[in-house]
Amino acid sequence: MIRAALTQIQLKWRNYRHRFVPWIALNLHRNQRSLRHVTKSIQDKPIHDEVVSEILLKLFWALLERDRADEEQSMKETSLRSVQTQKNDARDMCEGRRVAVNDDFIFQSMGFCIGRRPSSVPLAGVGVFITKGLVPKGTVVAMYPGTVYEAYEPIFFQSLRNPFVFRCIDGVLVDGNDKGISKLVYKSCSKRDMLGPYRLSDFSWLTANPRNPLAIGQYVNNCNDSPANVCYQEYDVPRVFPLELYQYLPNVKYSHEIQRPIRCVVLVSLRDISPGEELFSNYYTIIDS
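Quick summary incoming for the structure in this document.

### Quick notes on the overall build of the protein
Consideration 1: On a plain count of helices and strands, the protein comes out with six helices and 13 strands.
Consideration 2: The proportion of buried residues among the 289 residues of the protein is 47%.
Consideration 3: Look at the contacts in the protein between residues 6 or more apart in sequence, and 75% of them connect residues 24 or more apart.
Consideration 4: Just so you have it, the protein exposes about 15400 Å², and 58% of that area is on carbon and sulfur atoms.

### Let's talk about the sheet that holds strand β4 (residues 140-144)
Consideration 1: The strand order across the open sheet built from three strands is β4-β11-β9, with neighbouring strands paired in antiparallel fashion. Of all the strands in the sheet, the pair left with one neighbour each is β4 and β9 (230-236). With strand direction ignored, the average angle separating the axes of adjacent strands in the sheet is 30 degrees.
Consideration 2: Contacts from helix α3 (residues 49-77) reach β4, β9 and β11 (263-269) within the one sheet, and its direction differs from that of β9 by about 90 degrees.

### Quick look at the pattern of salt bridges
Consideration 1: Applying the stated criterion across every chain yields a total of twelve salt bridges.
Consideration 2: Note that R260 is salt-bridged to E150, the shortest N-O span being 3.2 Å. Pair noted here: R260 is in the loop between β10 (251-253) and β11 and E150 is in the loop between β5 (146-149) and α5 (156-159), with a separation of 110 residues, a long-range link.
Consideration 3: Using a relative accessible area of 25% as the deciding quantity, one classes R260 as partly exposed.
Consideration 4: Exposure remark for E150: the relative accessible area of 11% places this residue in the buried category.
Consideration 5: In this structure, D170 and R263 form a salt bridge, with 2.9 Å as the shortest nitrogen-oxygen distance. With D170 in the loop between β6 (165-167) and β7 (173-175) and R263 in strand β11, the pair connects residues that are 93 residues apart, well separated along the chain.
Consideration 6: Taking relative accessible area as the criterion, R263 reaches 5% and is therefore assigned buried.

### Some points on the sheet that holds β6
Consideration 1: As summarised here, the arrangement of the four strands in space is β6-β7-β5-β10, forming an open sheet in which the pairing is mixed. On the outer flanks of this sheet lie β6 and β10, each paired with one strand and no other. Sheet twist, expressed as the average angle between the axes of neighbouring strands with direction ignored, equals 25 degrees.
Consideration 2: Examined bridge by bridge, β5 and β7 share three bridges and lie antiparallel to one another. By the bridge assignment, T147 is partnered in β7 with D175.

### Comments concerning the packing of aromatic side chains
Consideration 1: Within this structure, the stated rule accounts for ten aromatic pairs.
Consideration 2: With 5.8 Å between their ring centres and 45 degrees between their planes, F60 and Y248 make a pair best called tilted. Taken as a pair, F60 in helix α3 and Y248 in the loop between β9 and β10 lie far apart in primary sequence, 188 residues in all. We note that F60, like Y248, is buried.
Consideration 3: Between F156 and F157 the ring centres are 5.2 Å apart and the planes differ by 80 degrees, which places this aromatic pair in the edge-to-face class. For the pair F156 and F157, a shared accessibility class is recorded, and that class is exposed.
Consideration 4: Taken together, the aromatic side chains of F60, F241, Y246 and Y248 make up a single cluster linked through ring pairs.
Consideration 5: The ring of F129 has R117 lying over it, and the distance from NZ or CZ to the ring centre is 6.0 Å.

### Remarks on the nonpolar core
Consideration 1: In terms of nonpolar packing, the biggest core is built from 50 residues, with F60, I114, L214 and L249 touching the most fellow members.
Consideration 2: Taken together, the elements giving at least two residues each to this core come down to α3, α4 (83-110), β2 (112-118), β3 (126-133), β4, β9 and β11.
Consideration 3: Leaving out residues up to four positions away in the same chain, L214 has contacts with L59, I106, M110, F112, I114, V140, V141, A142 and M143.
Consideration 4: By size, the runner-up hydrophobic cluster in this structure holds eleven residues, among which are V165, V185, Y186 and C189.

### What to know about the state of the cysteines
Consideration 1: By the definition in use, this model includes zero disulfides.
Consideration 2: Lacking any disulfide linkage, C264 is separated from the closest cysteine sulfur, that of C168, by 9.9 Å.

### Details of helix α6 (residues 180-192)
In an α-helix there are 3.6 residues to a turn, and that puts residues three or four apart on one side.
Consideration 1: Look at α6: 19 Å from first C-alpha to last across 13 residues, which is about the 18 Å you get at 1.5 Å a residue.
Consideration 2: Of the positions making up α6, those classed as buried are S182, V185, Y186, C189 and S190. Burial along α6 is one-sided: seen end-on, the buried residues are contained in an arc of 125 degrees. Counted as exposed and oriented over 90 degrees from the buried face of α6: L184 and K191.
Consideration 3: Packing partners of the buried residues in α6 comprise β5, α5, β7 and β10.

Cut-off values and rules
Residue positions are given per chain, counting from 1 as you read along its sequence in written order. Local features are withheld for residues below a pLDDT of 70 in this predicted model, meaning they are given only at 70 or higher, and side-chain atom pairs are given and counted only at 80 or more; totals for whole chains, interfaces and linings count all residues. Where side-chain values are given, they derive from all heavy atoms of the structure, hydrogens and water being excluded. Each helix is a run of DSSP H or I of at least 4 residues and each strand a run of E of at least 2, with the numbering of both proceeding from the N terminus. Each residue is assigned to one of three classes by its accessible area relative to the maximum for its type, calculated with a 1.4 Å probe on protein chains only: buried under 20%, partly exposed between the two thresholds, exposed over 50%. Here a residue-residue contact requires only that any non-hydrogen atoms of the pair lie within 4.5 Å. Accessible areas in this description were obtained via Shrake-Rupley with a 1.4 Å probe; residue shielding takes into account the shown protein chains only. Strand pairing is assigned whenever DSSP detects at least two bridges linking the two strands. Simply put, an axis is a line fit to the C-alpha atoms, just over the touching stretch for a helix, and the angle between two N-to-C directions goes from 0 to 180 degrees. Each reported salt bridge corresponds to a side-chain nitrogen of Lys or Arg within 4 Å of a carboxyl oxygen of Asp or Glu. Aromatic pairs are defined between Phe, Tyr and Trp rings, using the six-membered ring for Trp, whenever the two ring centres lie within 6.5 Å; interplanar angles under 30 degrees are classed as stacked, those over 60 as edge-to-face, and all others as tilted. Ring-over charges, as used throughout, are those where CZ of Arg or NZ of Lys falls within 6 Å of the ring centre and within 35 degrees of the ring normal. Joining through side-chain atoms within 4.5 Å is the link that ties buried Ala, Val, Leu, Ile, Met, Phe, Trp, Tyr and Cys residues into a set, and such a set is a nonpolar core. Any cysteine sulfur atom paired with another within 2.5 Å is treated as part of a disulfide. The span expected for a helix works out to 1.5 Å for each residue beyond the first. Taken from the helix axis, the directions to the C-beta atoms give the arc we talk about.

Right, dumping it as structure tokens:
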């Protein structure tokens, strides 16, 4: 009984330690392959924010066109039913159709597909893999979803036993946990921020079938025995970003009063990545002076 409990604690610690700052500081020298070195802070971004915007806009416009087509087709197929039944059937059919075509859709839009599978690393749990197509160097491969907290905002209870809290360089935190309190907080903030008929964020990443197929970046594991093939890049959504595309952003601000752009975190490929490869990131970057 005690041994089983200790084993569970050890497994949880192995998954959490890469986000525990004191452990990181004491172990930086042990595995240089898990570090990413840049010479200046501005070089922490492997691609320009304008390139990130171009990639996301291309995907999101395609998502919007697909969703509108799905809704129109579903309404046609249920036109002879009662009003309430129409709405329920249309929603269910859109969701079913979205699940069926998601891989083909993202392949046509991005040239590759990603998906969650058991990690190739023992005891690492779920990982993210390239399931189809070739990912070229310098492209957005995934997004890190979650609630965005300013450095001074309360996150104590959400952070308990939570390995999905990402810390940005300026202290901003992104809680990518899709369960428990974190899930409830995200859904609450997302519904709070609706602007009339427009949703300003996407909460379908909390399900097994996200509308935005890139919104699974929180499951990318840290590299250990080999260099990372992706890295994190912080990205503030520009104010000119089209309002109707906000519904595909998998991030929401915890505070409604903060007058600053919504923070997103994307994962960018550091080299060409082949089909079947698992994505591995650097959980920490060293800026050499």
